Amino acid sequence: MKTLIIILVSFLIGTLTASAQTNTITSTEESTKVVVEEDNYYRSFAVIDTDKNLKIKIKFVKEKISNVKTYLIDQLGEENMNTDADEYSWEKGIDGEELYTVQLKGNRLRINIDKELASDKIIKKFKVIRDELKLITSKSSKN
């Protein structure tokens, strides 16, 4: 398991290093994966925060889907929401450019924010959403 995490982190660092050759990137990364076989619990939580973008990727147990979906609808509303089968997405743009996208498909969530377009208020809002989602998808939260 440690080998898998080391490979994943090395891949992420290698990808960021390749990008750093053309751009100056200040990056913080957080990646955790918890596997508890007796409870059949797992979660993968990755955050890539650069000068230009904030990306959040979460894979969690299926029992948490309803809680995650309810929280996202509460925070992002239904105004910019699109649904298709088991996929929910929110997209918002400014002057034809994509400000943020949020995609919930089954038990996988991806969030991308363009920090060059986003106001400090929006960036702060998504950092709060990130922290709340970390709690909602954790093993200790209620289903």
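## Quick look at the overall build of the protein chain
Link 1 in the chain: A tally of regular secondary structure across the protein chain gives 3 helices and 7 strands.
Link 2 in the chain: In sequence order, the secondary structure elements of the protein chain are arranged as α-β-β-β-α-β-β-β-β-α.
Link 3 in the chain: Each of the 143 residues in the protein chain was classed as buried or not, and the buried ones make up 34%.
Link 4 in the chain: In the protein chain, of all internal contacts separated by at least 6 residues, the share reaching a separation of at least 24 is 49%.

## A few points about unusual backbone geometry
Link 1 in the chain: One non-glycine residue, Ala-85, lies in the positive phi region at around 55°.
Link 2 in the chain: Tracing the backbone through its elements, the reader meets Ala-85 in the loop between β4 (81-84) and β5 (87-94).
Link 3 in the chain: Phi is positive for Asp-95, close to 50°, though the residue is something other than glycine.
Link 4 in the chain: You can see Asp-95 is positioned in the loop between β5 and β6 (97-105).

## Quick look at the side chain of Thr-137
Link 1 in the chain: The topology assignment puts Thr-137 in the segment after α3 (120-136).
Link 2 in the chain: Residue classification places Thr-137 among the buried positions, given a relative accessible area of 1%.
Link 3 in the chain: Looking at Thr-137, its side chain comes within polar contact range of the main-chain oxygen of Leu-133, at 2.8 Å.
Link 4 in the chain: The residues touching Thr-137, leaving out its near neighbours within four places in the chain, are Tyr-41, Arg-43, Phe-45, Ile-58, Phe-60, Lys-64 and Val-68.

## As for the nonpolar core
Nonpolar side chains in soluble globular proteins tend to be buried together.
Link 1 in the chain: Within the largest apolar cluster, 26 residues are counted, with the highest numbers of intra-cluster contacts made by Leu-72, Val-102, Leu-109, Ile-111, Phe-126 and Leu-133.
Link 2 in the chain: Broken down by element, this core gets its largest block of residues, 5 residues, from α3.
Link 3 in the chain: In this structure Leu-133 touches Phe-45, Ile-58, Val-68, Tyr-71, Leu-72, Leu-109 and Ile-111, once residues within four positions along its chain are discounted.

## Notes on the packing of helix α2 (residues 65-76) against α3
Link 1 in the chain: Where α2 contacts α3, the two axes come as close as 11 Å, and the packing angle between them is 160°. Taken as axis vectors, α2 and α3 run roughly antiparallel relative to one another. Of the two elements, α2 crosses α3, and the hand of that crossing is right-handed. In this structure, α2 contributes Asn-67, Val-68, Tyr-71, Leu-72, Gln-75 and Leu-76 to the contact, and α3 contributes Lys-125, Phe-126, Val-128, Ile-129, Glu-132, Leu-133 and Ile-136.

## Observations concerning the confidence of the model for the protein chain
Link 1 in the chain: Looking at the protein chain as a whole, the pLDDT averages 82, with 71% of positions reaching at least 70.
Link 2 in the chain: Within the protein chain, strand β1 (residues 28-36) has the poorest average pLDDT of any element, 50, and strand β7 (residues 108-114) the best, 96.
Link 3 in the chain: Overall, residues 19-26 carries pLDDT values under 50, and its contacts beyond four positions in sequence, including any with other chains, amount to 10 contacts.

## What about a positive patch on the surface?
Link 1 in the chain: A cluster of basic residues, Lys-55, Lys-57, Arg-108 and Arg-110, forms a positive patch on the protein surface.
Link 2 in the chain: Every element with two or more residues in the positive patch is listed here: β3 (53-60) and β7.
Link 3 in the chain: On the basis of relative accessible area, Arg-108 is assigned to the partly exposed category, the value being 46%.

## Side note on the environment of Asn-107
Link 1 in the chain: Its place among the elements puts Asn-107 in the loop between β6 and β7.
Link 2 in the chain: In the structure, Asn-107 is positioned 30 residues away from Thr-137 in sequence and 10.0 Å away in space, judged by C-alpha atoms.
Link 3 in the chain: In this view, Asn-107 contacts Tyr-42, Ile-58, Lys-59, Phe-60, Val-61, Lys-62 and Ile-65; residues no more than four positions away in its chain are not counted.
Link 4 in the chain: Here the side chain of Asn-107 touches Tyr-42 through a polar contact of 2.8 Å, side chain to side chain.

Definitions and limits used
- Residues numbered from 1 in each chain as written.
- Predicted model: local features only at pLDDT ≥ 70, side-chain atom pairs only at ≥ 80, totals over all residues.
- Heavy atoms only, no water.
- Helix = DSSP H or I, 4+ residues; strand = E, 2+ residues; numbered from the N terminus.
- Buried < 20%, exposed > 50% of the residue type's maximum accessible area, 1.4 Å probe, protein only.
- Contact = heavy atoms within 4.5 Å.
- Polar contact = N/O pair within 3.5 Å; in protein donor to acceptor, adjacent residues only side chain to side chain.
- Core = buried A, V, L, I, M, F, W, Y, C linked by side-chain atoms within 4.5 Å.
- Axes fitted to C-alpha atoms, helices over the stretch in contact; angles between N-to-C directions.
- Parallel < 35°, antiparallel > 145°, perpendicular 65-115°, else oblique.
- Left-handed = near helix turned anticlockwise from the far one by under 90°.
- pLDDT = per-residue confidence, 0-100.
- Patch = residues over 30% accessible without salt bridge, like charges linked within 9 Å, V, L, I, M, F, W, Y side chains within 5 Å.
- Areas by Shrake-Rupley, 256 points an atom, 1.4 Å probe, with all protein chains shown as cover.
- Salt bridge = Lys/Arg side-chain N within 4 Å of Asp/Glu carboxyl O.
- Lys, Arg positive; Asp, Glu negative; His and termini not counted.
- Charge placed at Lys NZ, Arg CZ, Asp CG, Glu CD.

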